[in-house]
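Coordinate inspection notes
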Amino acid sequence: MDGDGLEGSVIIGLEIHCQLNKLNSKLFCGCSTKQQGLEPNTMTCPVCLGLPGALPVINKKAVEYSIMVGLALSCEIAEHTQFYRKNYYYPDLPRGFQITQYDWPIASNGILTVEADGEERTVRIRRVHMEEDPGRLVHQGSIETSKFVLVDYNRSGMPLLEVVTEPDLRSPKEARRFINKLRNILEYLDVFDGSLEGALRVDANVSLRGGARVEIKNISSYKGVERALLFEISRQQNMKRRGVKVTQETRHYDDERNCTITLRTKEQAEEYRYYPEPDLVPLSVKSWEPRLKATLPELPDARRERFKKQYSISDDHAKVITSEIRVANYYECVAGKCEPRLAATWVADYLKGELNYRDRDIKDAFEPEKMIYILEQLKTGIITDKGAVEVMRALLDEGGDPKDIILSRNLAKVETDITKAAVKDVIKENLEAIRDYKDGKPQALNYLVGKVMKKTNGRADPAEVNLLLRELLECT
Ligand SMILES: [Zn+2]
């Protein structure tokens, strides 16, 4: 099942938590946000540990980044924004409350379009709000089987942006596309690096039309979102088929076992108490808008249109290339020095394909200069398409210099003179095949081409060999 056969019956809404991990410091204290790979609990202070008496101070840059994201999602920016305390007790939240936004989110009423099988679907953004990340619970094995839990507060106080959609998505595939596009926009804005662990976490609401709504909490991998939704939809469909009522509940997605399990049902749903955070004053941010709007970079959709115009490349290529800022930058670098359409084919089709096959990212690819070199050799006829692919694969798997690879693997096509000599030899040595050809058996020509290819160790251009053979056979 891919969810697409369910058009009209599936309703999905997303709450996406993105760490603004390009900021230098946490949301309310001076601790660094660069904590990947650090020992647990080494990047903390009284504020982000929630010790009594420690006072939060708002990170101005985090507010600016949030406004920029709001603008990029066509949201209205709030006149005033305010923080609230959301009260609940949890081991990763030592204060007993989380500082978040409630009544006055920083941005609201936006839109984002995603591709939905040939057409563009407009997904409404209900709100974008700021909050602090809690600490991180580490379970041994799965959440269900772990005998104990460890807490790492390094993550506590990381600036988070929560993007909440209206229930406008109609399939798991659309949900995945929405998340990819949001990630892409955040990376274009340079406020977010989606490749870091835990940078993006998703809660998804899913229901079948007319049925109860189930919330799936804390899906932490990009692929997990689509898989969790597929699992949950088929679970609900099976219940419906058996005549069992789907109950409103919160479920946890178990990535390792690819299933969702009950966390709490409606009866146990917690009642948060929200009240205004007295240690942080309300902010008037509307006046910041014009200045920040002026600093917005070119965003993916605009870049895609520009690429189509400036480089005369197809919409499909432009789409693939601009769907990741690193790929777009890579392409611009190559297209500036080569034929842009040729560059588009080799970056969007071949390079992306080879990277996907290896489950790798463009940042693990070889430098654009090496791609330029390969394309120059291809354009001048030194290597064939097949040879160019071989150089690329060698660069991805072993690294090195494209020039050395072409030499050491004999990928340069042999000179025409050598090909001609080989053709002449083959004609002399295969009189029987030539008779067959002249008697009207065209497959004899293929046999002769094969002989020439063998003589040149496969380095001659088959089309050229074919031409030369026919020319010479006409004269004899
Ligand atoms: Zn701190």
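In this report, the structure presented in the accompanying data block is examined. Just so we're clear, the structure is a prediction, and the values are computed from it rather than from any experiment.

For the rest of this paragraph, the subject is the pattern of salt bridges. Throughout the structure, instances matching the rule amount to 43 salt bridges. For E305, the salt bridge is made with K308, and the minimal N-O distance between the two is 3.3 Å. Within this pair, E305 and its partner K308 are both found in helix α6 (residues 300-311), separated by 3 residues, close to a single helical turn. Judged by its relative accessible area of 40%, E305 is partly exposed.

Our focus in this paragraph is the packing of aromatic side chains. For the structure on display, the rule yields 10 aromatic pairs. Ring centres 5.5 Å apart and planes at 50° place the aromatic pair F307 and Y331 in the tilted group. Placement of F307 in helix α6 and of Y331 in helix α8 (residues 325-335) is noted, with a sequence separation of 24 residues between them. With respect to class, F307 is no different from Y331; both count as buried. Seen in terms of ring centroids, Y311 and Y331 are 5.4 Å apart; in terms of plane orientation they differ by 90°. Their pairing is edge-to-face. In this pair, Y311 sits in helix α6 while Y331 sits in helix α8, placing the two residues 20 residues apart along the sequence. For the pair Y311 and Y331, one class covers both residues: buried.

Let us look at unusual backbone geometry. Positive phi, normally seen in glycine, also occurs at N218, with a value near 55°. For N218, a relative accessible area of 45% gives the class partly exposed. Residue D359 is not a glycine yet carries a positive backbone phi of 55°. Relative to the elements of secondary structure, D359 occurs in the loop between α9 (340-357) and α10 (368-379). According to the relative accessible area criterion, D359 is exposed, its value standing at 62%.

Criteria and cut-off values
- Residues numbered from 1 in each chain as written.
- Predicted model: local features only at pLDDT ≥ 70, side-chain atom pairs only at ≥ 80, totals over all residues.
- Heavy atoms only, no water.
- Salt bridge = Lys/Arg side-chain N within 4 Å of Asp/Glu carboxyl O.
- Helix = DSSP H or I, 4+ residues; strand = E, 2+ residues; numbered from the N terminus.
- Buried < 20%, exposed > 50% of the residue type's maximum accessible area, 1.4 Å probe, protein only.
- Phe/Tyr/Trp six-rings, centres within 6.5 Å; stacked < 30°, edge-to-face > 60°.

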